[in-house]
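# Working through the structure, step by step
What follows is the residue order along each chain.
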Amino acid sequence: MDYDGRFDYSAVIPVRFGKDAGDVQMYPNPATDQVWILIPSTETGPALGELYDMSGKLMMSHAVVLQCGSNAFSIDLSEIPSGVYMLRQGATVMKLIRR
């Protein structure tokens with residue numbers, strides 16, 4: 001509700017966690033300097049991975065072009081402080097621990 005008493009609803013976005021997260025995989029987890037993301041795709045096209053800290057601050061984003069089939073990408077974590085993060089790729093959200 002806003003200060004003037006009006007309100008709007010935002011769009012509902014599905015978020016999947018864990019093993020049911022659309023078969024997107026991440027390893028190793030916990031990670032030190034690098035993490036690998038495996039993304040299966042039935043289409044060719046752009047995708048965006050985003051890493052958020054636990055306060056919701058965007059720490060990094062990584063744009064890739066998916067090919068039809070299995071895709072593997074590494075993300076350099078060496079500039080990110082140790083902690084717990086959420087990695088989002090589309091509607092898939094996974095917890096990442098950086099040591």
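Treat the numbers as computed from the prediction; the structure is a model and nothing was measured. (Residues numbered from 1 in each chain as written. Predicted model: local features only at pLDDT ≥ 70, side-chain atom pairs only at ≥ 80, totals over all residues. Heavy atoms only, no water.)

Looking now at the pairing of strand β3 (residues 45-53). Along β3, 7 of the 9 residues are buried, which leaves the element largely enclosed by surrounding structure. Sheet topology places β3 next to strand β4 (residues 58-66); 8 bridges connect them, and they run antiparallel. Across the sheet, the residue bridging to G45 is L66, located in β4. Counted between consecutive antiparallel strands, the loop separating β3 from β4 contains 4 residues, among which G56 sits at a positive phi close to 95°. Bridging between β3 and strand β6 (residues 83-89) involves 5 bridges; their strand directions are antiparallel. By the bridge assignment for β6, G49 is matched with Q89. (Buried < 20%, exposed > 50% of the residue type's maximum accessible area, 1.4 Å probe, protein only. Helix = DSSP H or I, 4+ residues; strand = E, 2+ residues; numbered from the N terminus. Pairing = 2+ DSSP bridges.)

One open sheet accounts for 4 strands, arranged β4-β3-β6-β7; its pairing is antiparallel. A strand with exactly one partner marks an edge of an open sheet, and here the two such strands are β4 and β7 (92-98). Averaged over all pairs of adjacent strands, the angle between strand axes in this sheet comes to 20°, irrespective of strand direction. (Axes fitted to C-alpha atoms, helices over the stretch in contact; angles between N-to-C directions.)

So, to be careful, I would describe these as geometric facts and stop short of saying anything about function.
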